[in-house]
Amino acid sequence: MFSQNCQLTTNPPRTGVDILRDPLVNKGVSFSRMQRQNFKLTGLMPALVDTATPSEISYQERLAMERLHHLSSDLDKYDYLLRLYDTDRTHFFRMMNKNVEELTPLVYTPTVGAACQNYALVHAHGRGLFIPITESSNIKSILENWPVRDIRAIVVTDGERILGLGDLGAYGMGIPVGKLALCTALAGIPPEYCLPIVLDVGTNNKQLLDDPLYFGLRQKRVTGDAYDNFVAEFMRSCAAVYGKHVLIQFEDFGNHNAFRFMKKYAALYSTFNDDIQGTASVILSGFLTACRKTGRKLKEENIVCFGAGESMLGFAHLLVETLKSRSSLTEEEAKRRIFMVDSRGLIVENRSTGGISLEKAPFARPTGTPEMTDLAEIIKYANCTALVGASAVPNSFTPEVMKQLAKQCEMPLIFALSNPTHKAECTAQAAYKATNGQCLFASGSPFQPVNLEPGEAPRHSSTYHKPGQANNAYIFPGLLLAISSLRIQPVTDEDFISAAETLSENVSDEELCLGCLYPPLNKIRCVSYAIARQVGHVAFREGRCWLKRSEGGLKKEEIDDIIKSMSSYPDPIPASQLRDL
Ligand code: NAI
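None of these values were measured; they are calculated from a predicted model. (Residues numbered from 1 in each chain as written. Predicted model: local features only at pLDDT ≥ 70, side-chain atom pairs only at ≥ 80, totals over all residues. Heavy atoms only, no water.)

Topic: the overall build of the chain
For the chain, the helix and strand inventory stands at 25 helices and 14 strands. Taking 2.2 N^0.38 as the reference for a compact globule, 581 residues should give roughly 25 Å; the C-alpha atoms of the chain span a radius of gyration of 24 Å, in line with that estimate. Projected onto its principal axes, the C-alpha positions of the chain cover 80 × 60 × 55 Å. Per-residue burial for the chain yields a buried fraction of 60% across its 581 residues. Across the chain, every contact between residues at least 6 apart in sequence was considered, and the portion connecting residues at least 24 apart equals 71%. When the accessible area of the chain is evaluated, it comes to approximately 23400 Å², of which 51% is carbon and sulfur surface. Counting 61 positive and 64 negative side-chain charges, the chain places the averaged centre of each group 2 Å from the other. (Helix = DSSP H or I, 4+ residues; strand = E, 2+ residues; numbered from the N terminus. Rg over C-alpha atoms; globule rule 2.2 N^0.38 Å. Buried < 20%, exposed > 50% of the residue type's maximum accessible area, 1.4 Å probe, protein only. Contact = heavy atoms within 4.5 Å. Areas by Shrake-Rupley, 256 points an atom, 1.4 Å probe, with all protein chains shown as cover. Lys, Arg positive; Asp, Glu negative; His and termini not counted. Charge placed at Lys NZ, Arg CZ, Asp CG, Glu CD.)

Quick notes on the packing of aromatic side chains
Summed over the entire model, instances satisfying the criterion amount to 23 aromatic pairs. A connected cluster of aromatic rings, assembled from ring pairs, spans Y227, F250, F253, F261, Y265 and Y269. Here R152 stacks its cationic end above the ring of Y193, 4.2 Å away from the centre of that ring. The lysine or arginine in question, R365, covers the ring of F339, its NZ or CZ lying 3.8 Å from the ring centre. (Phe/Tyr/Trp six-rings, centres within 6.5 Å; stacked < 30°, edge-to-face > 60°. Lys NZ or Arg CZ within 6 Å of the ring centre and 35° of its normal.)

Points about the nonpolar core
I154, I197, F234, F287, F315, M340 and F415 are the most contacted members of the largest nonpolar core, which totals 157 residues. The dominant element in this core, judged by the number of residues it contributes, is helix α12 (residues 224-242), at 10 residues. Sequence-distant contacts of M340, that is, excluding residues within four places in its chain, are made with C305, A308, M312, L313, A316, G345, L346, I347 and F363. Ranked by size, the runner-up nonpolar core spans 32 residues in total, among them F306, A416, F447 and A457. (Core = buried A, V, L, I, M, F, W, Y, C linked by side-chain atoms within 4.5 Å.)

Let's talk about the site of the ligand
R161, N255, S311, A470 and N472 are the nearest of the 24 residues found near the ligand. With respect to the ligand, the backbone of A308 contributes an N or O atom lying 3.2 Å from an oxygen atom. The contact in question runs from an oxygen atom of the ligand to an N or O atom on the backbone of N419, over 3.1 Å. Alone, the ligand offers 850 Å² of accessible surface; in the complex the protein occludes 84% of this. The site holding the ligand turns out to be the largest pocket. Along the lines of polarity and charge, the residues of the shell around the ligand split into 8 nonpolar, 13 polar and 3 charged. (Near = heavy atom within 4 Å. Polar contact = N/O pair within 3.5 Å; in protein donor to acceptor, adjacent residues only side chain to side chain. 1 Å grid on protein atoms, 1.4 Å probe; cavity = no way out; pocket = protein on both sides within 12 Å on 5 of 7 lines; lining within 4 Å. Sits in = over half its atoms within 2 Å of the grid points. Nonpolar A, V, L, I, M, F, W, Y, C, P; charged D, E, K, R; others polar.)

A look at the packing of helix α4 (residues 74-87) against helix α5 (residues 89-98)
Think of two packed helices as two axes; the pair is described by the angle between the axes and how far apart they sit. Closest axis-to-axis distance for the α4/α5 pair is 6 Å, and the angle between their directions is 135 degrees. One finds that α4 runs oblique with respect to α5. Here L81, L84, Y85, D86 and T87 of α4 lie close against α5, whose contacting residues are R89, F92, F93 and M95. Of the residues belonging to the contact of α4 with α5, the class tally is 6 nonpolar, 1 polar and 2 charged. (Axes fitted to C-alpha atoms, helices over the stretch in contact; angles between N-to-C directions. Parallel < 35°, antiparallel > 145°, perpendicular 65-115°, else oblique.)

Topic: empty space enclosed by the protein
Counted under the stated rule, the structure contains 1 cavity of 30 Å³ or more. Taken as a whole, the largest cavity encloses approximately 70 Å³ of empty space. In terms of lining, the largest cavity is formed by T104, P105, Y108, T109, P446, Q469, N471, A473, Y474 and L521. When the residues that make up the lining of the largest cavity are grouped by side-chain class, the tally is 6 nonpolar, 4 polar and no charged. (Points joined across faces, edges and corners; volume = space filled by probe spheres on them.)

Some thoughts on the pattern of salt bridges
Throughout the structure, instances matching the rule amount to 32 salt bridges. Salt-bridge contacts for K140 lead to E144; the nearest nitrogen and oxygen are separated by 3.6 Å. With K140 and E144 both in helix α9 (residues 139-145) and 4 residues apart, the pair spans about one turn of that helix. Residue D150 is joined to R152 by a salt bridge in which the shortest nitrogen-to-oxygen separation is 2.9 Å. Several salt bridges converge on common partners, so that one network encompasses E321, K324, E331 and K335. (Salt bridge = Lys/Arg side-chain N within 4 Å of Asp/Glu carboxyl O.)

So, the pairing of strand β9 (residues 386-389)
Burial along β9 is two-sided: the face carrying A386 and V388 and the face carrying L387 and G389 are both buried. As paired elements, β9 and strand β10 (residues 413-416) share 4 bridges and run parallel to each other. In the sheet register, A386 faces β10, and the bridge partner there is L413. Between the parallel elements β9 and β10, the chain passes through helix α18 (residues 399-408) in a crossover that is right-handed. (Pairing = 2+ DSSP bridges. Right-handed = clockwise from strand over helix to strand, strands pointing away.)

A look at the sheet that holds strand β2 (residues 153-157)
Spatial ordering of the open sheet is given by β1-β3-β2-β4-β5, a layout of 5 strands whose pairing is parallel. Only two strands of the sheet have a single partner each, and these edge strands are β1 (129-132) and β5 (270-273). Adjacent strand axes in the sheet meet at a mean angle of 25 degrees, parallel and antiparallel pairs treated alike. As paired elements, strand β4 (residues 247-250) and β5 share 4 bridges and run parallel to each other. Note that in β5 the partner of Q249 across the bridge is F272. Packing of helix α14 (residues 274-294) onto the sheet brings it into contact with β4 and β5, and relative to β5 it is tilted by some 75 degrees.

Concerning the side chain of H465
Along the chain, the position of H465 falls in strand β13 (residues 464-465). A polar side-chain atom of H465 sits 3.4 Å from the main-chain carbonyl oxygen of S462. Filtering out sequence-adjacent residues up to four positions away, H465 remains in contact with Y432, G437, P449, V450, L452 and L514.

Section: the sheet that holds strand β8 (residues 345-346)
The 7 strands are arranged β8-β7-β6-β9-β10-β11-β14 in an open sheet whose pairing can be described as mixed. If you trace the sheet from one side to the other, it starts and ends with β8 and β14 (468-469), each paired once. Here strand β6 (residues 303-306) pairs with strand β7 (residues 338-342) via 4 bridges, running parallel. What sits directly across from C305, in β7, is M340.

Here it is as structure tokens:
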């Protein structure tokens, strides 16, 4: 079987190396003898014919895993895996599916951080489009250079805030490439529908500007009207070339631009910002799951958000919307549960140190609240039950801070979300140790399970703790699957709340018993499908699906099948697994 969407038989027929050089159709020694004869492939590969079925481990998957295990650095492993992606997508994604826990951190966070910092060393042409601002007014024709016209999902970055690593300019390409690879690996979206893009507007990273290997525009970032007009032209061009309902996911833009574009384009295009909205959804899901273990209600959490940037402000907004729609709190009551902290301390209306942007202002504590900067003090003042960090300040959750939290709350939540691993606010080990194993911990990059020493946990309680990975990868693939298959527009808060609820429902009691707030990654294809289905039905009810509008409209009973058929790469989800949903 070839990919359902990519044909070998073209006119004129493709043969020989032409086939082997196309990653969407190449399948190496899995070509049968007949296919080798018909397509002039005989002799271009060794005699072995691999007859493994998709669910079996093929020769090529076995070989690739063997070679991977011979490599010692994660960056080399990333490089090797992406080269496999360039050569034979079917086997790359089958291998991802069968080894998802091991390979996801190599293809995405944390390794993608090192890859972006050294991107010239691991780059290969043809994985995505670079659109330099020097080509503004020519964007449409650059988009037309991409070999596929039926594009359903674009992930775009301008490289200004890559993970917690700052401005990496055109080296940010690793992010859209990695995110879209995850959409295929974790949600089964055929790779040919996906397009990674970097808008290269220069970089303010002096190290890169001085680096002879840097391949982006060697100039300071363009800002102001020229930048805004460039992004506006990009949005218009995508709609013109790929259709007005093509999904455009914004990724790793600087904070000041991310919020502006999200607001400006939400009603006009099918678009969302994963750092703001996807992160919000994955954190919300962890909180909903935690309620099952702590016995507290969502509306009872007192939440200290450390780092008032894209992630935390997105989460605060979604939490308020959830408390309003699901717990009948007023906006004011909901906001009272939130204590937002930035680099100048607790955000208080009219605080003497200033720095309250338009986005932060709605979450400022009322005038008269003490202007505190010490985190342990803020935790005490807030009677905090949940501490969430997305500040990119490593080790800012000190043992003292977490001990204070455990002193006032029996089972506190600690989320250290900053990526990559070395930017995390604390490690899993540090969190469990400081709270005597009482906390429910989640992080952005993965941490290994922790076994506390017997004296470090209360008697009769478990010393083994499994941290959850609060990574957006649990949310955006399923969301992308729904939006791109049903052509949903606009994308709304309700989509992110529904996605969070569905993700939470998919955490088993066994996982939760170990302290893990997210399902294992090896269940993710099913979870992504469940998220897509839920989001799809909500969007349908609200009249936001544009698929088949010109043919009289989509029917409710078609939704599951449309999503299922979009989620079938490289192989459909086995029916036995779908039955459990
Ligand atoms: P951002 O740049 O928008 O926000 C960072 C915020 O941290 C800023 O508001 C800044 O004022 C604040 N900050 C800096 N120093 C501080 C200090 N000493 N004390 C308190 N606050 C301080 O960045 P964004 O998008 O919110 O991301 C932050 C981190 O979260 C990054 O490392 C990113 O990789 C990570 N992240 C993790 C996600 C996940 O795994 N689910 C998703 C999105 C982001």
